Amino acid sequence: MSIVSKDRIALQQHAADKGDALRKAGQLLVDSGCVLPAYVDGMLKREESMSTSLGNGVSIPHGMDDNRNDILKTGISVVQLVEPVEWEEDDEPVYIVIGIAASQDEHVGVLANLADVIEDDDILAELIKTTDPEVFVKYLGAEREAD
């Protein structure tokens, strides 16, 4: 099974703020059996020390090194927001939150795909507006070899 799956993609969501968006991404990982609830606390804690915003309206929150034992299996969650949330005061607002839980390097290919996607304005615009989770699976789940 791919680490990107429809059961971990929530489209057309609303979030009150960055913390709410992070919790939504984390809860998808919890609900799908990827992580224990403590991992979500680690995601919030990491964000306090270092922003996970990549720019272009995308953020990739993940837990702290201390949370590796809270990862049950590698998985990626996606929360697409109808209205963006402010991530950092001077940063671009975030429309897409991609939660990452990985104890090994299985997520490297997804991150490589993501890097390509956020550089392509047309694809990014499609991801921000789509109502079909398969669009995220298509772009983020493409098979790639990790270096």
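For the structure itself, look to the data block above.
Residues numbered from 1 in each chain as written. Predicted model: local features only at pLDDT ≥ 70, side-chain atom pairs only at ≥ 80, totals over all residues. Heavy atoms only, no water.

## Quick notes on helix α1 (residues 18–31)
For α1, which comprises 14 residues, the first-to-last C-alpha distance of 20 Å matches the rise-based estimate of 20 Å (1.5 Å per residue) to within 8%. Buried within α1 we find K18, G19, A21, L22, A25, G26, L28, L29 and V30. Those residues of α1 that are buried are in contact with β1 (4–13), α2 (37–49), β4 (75–85) and β5 (94–101). At the N-terminal boundary of α1, the capping side chain belongs to D17, with an oxygen 3.2 Å from the backbone nitrogen of G19. Two residues or fewer past α1, G33 is found with a positive phi of approximately 80 degrees. (Helix = DSSP H or I, 4+ residues; strand = E, 2+ residues; numbered from the N terminus. Expected span 1.5 Å × (residues − 1). Buried < 20%, exposed > 50% of the residue type's maximum accessible area, 1.4 Å probe, protein only. Contact = heavy atoms within 4.5 Å. Polar contact = N/O pair within 3.5 Å; in protein donor to acceptor, adjacent residues only side chain to side chain.)

## Regarding the side chain of R46
You can see R46 is positioned in helix α2. The buried charged residue R46 lacks any salt bridge, with D65 as its nearest oppositely charged partner at 4.3 Å. Beyond its immediate sequence surroundings of up to four residues, R46 is in contact with T52, H62, G63, M64 and D65. (Lys, Arg positive; Asp, Glu negative; His and termini not counted. Salt bridge = Lys/Arg side-chain N within 4 Å of Asp/Glu carboxyl O.)

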